[in-house]
Amino acid sequence: MMEPYKIVFKGGSGEIVEKKSRFIANVFSVETEEEALEIIEQIKKQYWDARHNCYAYVIGADGRKQRCSDDGEPQGTAGRPMLDVLLGEDIKNILVIVTRYFGGTLLGTGGLVRAYSMAVKEGINGSEIVTKCPGTKLKITTDYNGIGKLQYIAAGMDIPILDTLYEDKVHMYVLASPENKDSLIAKVNEATSATAVIEDNGEVWYSVLEDKSIHVY
């Protein structure tokens, strides 16, 4: 199973002004290069009156697909610095487009690098970035006397509880990470004298959102 990695759960935007030039960063979640290129064209149409629409993206859980564009700015002053920010933040499946409205004053090479880098950071700050984690969905079935023990174990191990169904038995659905799965099973068996039934419902990816809720992919 792969390692956790950061992604864009909800895209956002950010803006800075440098010597009267406006730098507007828009952040998107993308899964393919085709999707990224389509969004880039849409943004260029939206900001048709801007002088530059520079972009950078990193695609794939391994981050191997990388591309950036200066879109008319001096070579290496926009796209590459933008890409460097994404790589530094270690975010995957992300596209950032920075639109520049020229303010009449030249910023110079160093000024452009700083401005585009800062704009990307503002865009990321305005987005919801989460860690996409590998896990296993387990269904644990016990009697009503055992539910409190399961809740105590889950809380102590920081195990997300997805759902709990109360029928003739109690069915609790939890997410275990590769690191704590075996330990969780052992503790459940110990706490319930091995009377709980533990079913493996398969591997999933999940994220803990800003509001502490769980999103399963």
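Rules used throughout
Residues numbered from 1 in each chain as written. Predicted model: local features only at pLDDT ≥ 70, side-chain atom pairs only at ≥ 80, totals over all residues. Heavy atoms only, no water. Helix = DSSP H or I, 4+ residues; strand = E, 2+ residues; numbered from the N terminus. Buried < 20%, exposed > 50% of the residue type's maximum accessible area, 1.4 Å probe, protein only. Axes fitted to C-alpha atoms, helices over the stretch in contact; angles between N-to-C directions. Parallel < 35°, antiparallel > 145°, perpendicular 65-115°, else oblique. Left-handed = near helix turned anticlockwise from the far one by under 90°. Contact = heavy atoms within 4.5 Å. Nonpolar A, V, L, I, M, F, W, Y, C, P; charged D, E, K, R; others polar.

> Sorry if this is basic, but what is going on with unusual backbone geometry here?
With the exception of glycine, the majority of residues adopt a negative phi angle, and the majority of peptide bonds are in the trans configuration. Here the phi dihedral of Lys 19 falls at roughly 50°; this positive angle occurs in a residue that is not glycine. Relative to the assigned elements, Lys 19 resides in the loop between strand E2 (13–18) and strand E3 (21–29). Note on Lys 19: relative accessible area 49%, which makes it partly exposed. Non-glycine residue Asp 90 carries a positive phi angle of around 60°. When its relative accessible area of 42% is taken as the criterion, Asp 90 is described as partly exposed.

> Hey, could you run me through the packing of helix H2 (residues 79–89) against helix H3 (residues 108–125) in this one?
Angle between the axes and distance between the axes are the two parameters that describe a pair of packed helices. Axis separation between H2 and H3 bottoms out at 8 Å; the angle between their running directions is 40°. What the angle tells us is that H2 and H3 run oblique. Between H2 and H3 the crossing geometry is right-handed. When H2 is examined against H3, the residues Pro 81, Met 82, Val 85, Leu 86 and Glu 89 are found in contact with a partner set consisting of Val 113, Tyr 116, Ser 117, Val 120, Lys 121 and Ile 124. Tallied by class, residues from the contact of H2 with H3 come to eight nonpolar, one polar and two charged.

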